[in-house]
Amino acid sequence: MDNSTVSEMPAASEEMSDEIVRELLGMSEEDFNYLLNEISGKISRRDTFMRKAFTARERLIVTLRFLATGESFMALASLYDISASSIRTIIPEVCECLIKALKRYVQFPSSEAGWQRVSEAFQDRWQFPHAIGVIDARHVKIRKPLHTDKDYLNYKGFYSIVLLGIVDASANFMYVCVGGKGSIADGGMLRNASYHSKFEHHELNVPPPAVLDERHAVKIPYMLLGDKSFLFTEYCIRPFGGHLKPDSPESTFNYRMSQARTPAAVAFDGLCSRFKIFGTIINLQPDKAGKVVMAAVYLFNFFRRKNSTEETLGCEKSVPDSSYILPRLQSKPIKPASRLANIRLQIASYMMENKRLE
């Protein structure tokens, strides 16, 4: 635990005012006080006979400013009269506490009824049936890890960890997984995220396959909407490939799917806009950088959904936790079965028929 300080800071220091941080993040005083109350007992440190410990409020302010601005440890040290080495220790610790305190704000639905509401929202807002979330991933820049090979070096030529997220129709994160090495493809993240086996073994209370309407006899599963980088599975659908004829069922499907994936772009772009740390190189080792990224996602949902009900947010005991430490990644190429291809074609035909009726 970090008990170090440089000197006692003035209580009225302008830089330590939470108003500045609240303005940077667009958060209310109520939100700030809630966060401080939730984690103060876990991030407070005792004074020693040699030094006075930084308060929980100071630790939270420094961390939130780091997330909001992406400023270097040296820059923050000059602002807050805290050593850069202490800040490097404080930030991951506070982020880990924020993740635990805000755990309920990033949750899958816990019941079939909850998943049905998610699906109905996609149908109403984006005219896409049986969608239960949009899955996408982004690379987050980190410094070159110590004593490692080039597994974190991605195809764009910089070191990164991967942030994989699943969002609902309103661009709220329902699940996030952080920590995949930058060289791993998005599909690899999907197969190794902590919820993967839950979907595979039907343990998430997702509604069973059902017909789209009385005109169609084929039962269609409820699925995540992925792009071409994700595997086509029982619970994740992807667009048609190849050159498609205009106004064909396949092109109509791809257009509707592209529109229905908009919430993922809104969520990820909103996250990066609010937390400028995503526009910098996080100067921490992968495990600690993962905590920073995860805390930003949880705060993002907290600011947007803090008045949501427990039923909407889900039940912690019945759904998999989001995670920032991934298991060893494995690659198992899987070709979509003809049955899955037929399911996609059935949805495309359904969309085409409805288009003609509109």
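All of these numbers come straight from a predicted model, not from anything done at the bench. (Residues numbered from 1 in each chain as written. Predicted model: local features only at pLDDT ≥ 70, side-chain atom pairs only at ≥ 80, totals over all residues. Heavy atoms only, no water.)

### Comments concerning the overall build of the chain
For step 1, the next point in the chain: Helix and strand counts for the chain stand at 13 helices and five strands.
For step 2, the next point in the chain: Residues classed as buried in the chain amount to 51% of the 358 residues present.
For step 3, the next point in the chain: Sequence-distant contacts in the chain: of pairs separated by 6 or more residues, those separated by 24 or more amount to 72%.
For step 4, the next point in the chain: Entry remark: accessible area of the chain is about 16,900 Å², with carbon and sulfur atoms responsible for 51%. (Helix = DSSP H or I, 4+ residues; strand = E, 2+ residues; numbered from the N terminus. Buried < 20%, exposed > 50% of the residue type's maximum accessible area, 1.4 Å probe, protein only. Contact = heavy atoms within 4.5 Å. Areas by Shrake-Rupley, 256 points an atom, 1.4 Å probe, with all protein chains shown as cover.)

### Points about unusual backbone geometry
For step 1, the next point in the chain: You will see that Ala 171, though not glycine, has its phi angle at about 70°, which is positive.
For step 2, the next point in the chain: Turning to its location among the elements, Ala 171 is positioned in the loop between strand S2 (160-167) and strand S3 (173-181).
For step 3, the next point in the chain: Non-glycine residue Asp 247 carries a positive phi angle of around 65°.
For step 4, the next point in the chain: Looking at where Asp 247 falls in the secondary structure, it is placed in the loop between strand S5 (236-237) and helix H9 (249-260).

### Observations concerning the packing of helix H2 (residues 29-43) against helix H5 (residues 84-101)
For step 1, the next point in the chain: Their axes nearest at 10 Å, the elements H2 and H5 cross at an angle of 125°. The orientation of H2 with respect to H5, classified from their angle, is oblique. In terms of crossing hand, the pair formed by H2 and H5 is right-handed. Here Leu 35, Glu 38, Ile 39, Lys 42 and Ile 43 of H2 come into contact with H5, specifically with Val 94, Cys 97, Leu 98 and Ala 101.
For step 2, the next point in the chain: Within the contact of H2 with H5, the residues separate by chemical class into seven nonpolar, no polar and two charged. (Axes fitted to C-alpha atoms, helices over the stretch in contact; angles between N-to-C directions. Parallel < 35°, antiparallel > 145°, perpendicular 65-115°, else oblique. Left-handed = near helix turned anticlockwise from the far one by under 90°. Nonpolar A, V, L, I, M, F, W, Y, C, P; charged D, E, K, R; others polar.)

### What to know about the environment of Lys 103
For step 1, the next point in the chain: Examined against the element boundaries, Lys 103 turns out to sit in the loop between H5 and helix H6 (112-126).
For step 2, the next point in the chain: Along the chain, Lys 103 and Tyr 298 lie 195 residues apart, while their C-alpha atoms are 7.3 Å from each other.

### With respect to the packing of aromatic side chains
For step 1, the next point in the chain: With the rule as written, the count across this model stands at 13 aromatic pairs.
For step 2, the next point in the chain: Note on Tyr 34 and Phe 302: the rings are 5.4 Å apart at their centroids and 20° apart in plane angle, and the pair reads as stacked. Placement of the pair is Tyr 34 in helix H2 and Phe 302 in helix H11 (residues 286-305), with a sequence separation of 268 residues.
For step 3, the next point in the chain: Of the residues examined, Tyr 34 reaches a relative accessible area of 27% and is grouped as partly exposed.
For step 4, the next point in the chain: When the ring of Phe 128 is compared with that of Phe 253, the centres are 5.6 Å apart and the planes differ by 65°; the resulting orientation is edge-to-face. Residue Phe 128 is found in the loop between H6 and strand S1 (131-141), and its partner Phe 253 is found in helix H9; the two are separated by 125 residues along the sequence. Taken individually, Phe 128 and Phe 253 each receive the classification buried, so the pair is uniform in this respect.
For step 5, the next point in the chain: Chaining the aromatic ring pairs together yields one cluster made of Phe 108, Trp 115, Tyr 175, Phe 199 and Tyr 235.
For step 6, the next point in the chain: One residue, Lys 141, lies across the ring of Phe 158, its end atom 5.1 Å from the ring centre.
For step 7, the next point in the chain: Taking the ring centre of Phe 240 as reference, the NZ or CZ of Arg 344 above it sits at 4.3 Å. (Phe/Tyr/Trp six-rings, centres within 6.5 Å; stacked < 30°, edge-to-face > 60°. Lys NZ or Arg CZ within 6 Å of the ring centre and 35° of its normal.)

### Considerations on the pairing of S1
For step 1, the next point in the chain: With eight of its 11 residues buried, S1 lies for the most part within the structure.
For step 2, the next point in the chain: For S1 and S2, the ladder comprises eight bridges, and the chain directions are antiparallel. Bridging from a neighbouring strand, Val 140 pairs with Ile 161 of S2. (Pairing = 2+ DSSP bridges.)

### Description of the side chain of Asn 172
For step 1, the next point in the chain: Locating Asn 172 in the fold gives a position in the loop between S2 and S3.
For step 2, the next point in the chain: A residue is classified by how much of its surface remains accessible, and Asn 172, at 9% relative accessible area, is buried.
For step 3, the next point in the chain: If sequence neighbours within four positions are ignored, Asn 172 has contacts with Ile 166, Val 167, Asn 301, Arg 304 and Arg 305.

### Here's the deal with H5
For step 1, the next point in the chain: Compared with the 26 Å implied by 1.5 Å per residue over 18 residues, the 26 Å span of H5 between its first and last C-alpha is a close match.
For step 2, the next point in the chain: Every buried residue of H5 is accounted for by Ala 84, Ser 86, Ile 87, Ile 90, Ile 91, Pro 92, Glu 93, Val 94, Cys 95, Cys 97, Leu 98 and Ile 99.
For step 3, the next point in the chain: Each element contacted by the buried residues of H5 is listed here: H2, helix H3 (56-69), helix H4 (73-80) and H11. (Expected span 1.5 Å × (residues − 1).)

### Brief notes about the packing of H5 against H11
For step 1, the next point in the chain: Following both chains from N to C, one finds H5 and H11 inclined at 45°, their axes separated by 8 Å at the closest point. By the criterion of interaxial angle, the relationship of H5 to H11 is oblique. H5 and H11 meet at a crossing whose hand is left-handed. Across from Ile 91, Pro 92, Cys 95, Glu 96, Leu 98 and Ile 99 in H5, the residues of H11 making contact are Lys 288, Lys 291, Val 292, Met 294, Ala 295, Tyr 298 and Leu 299.
For step 2, the next point in the chain: Split by residue class, the contact of H5 with H11 holds 10 nonpolar, no polar and three charged.

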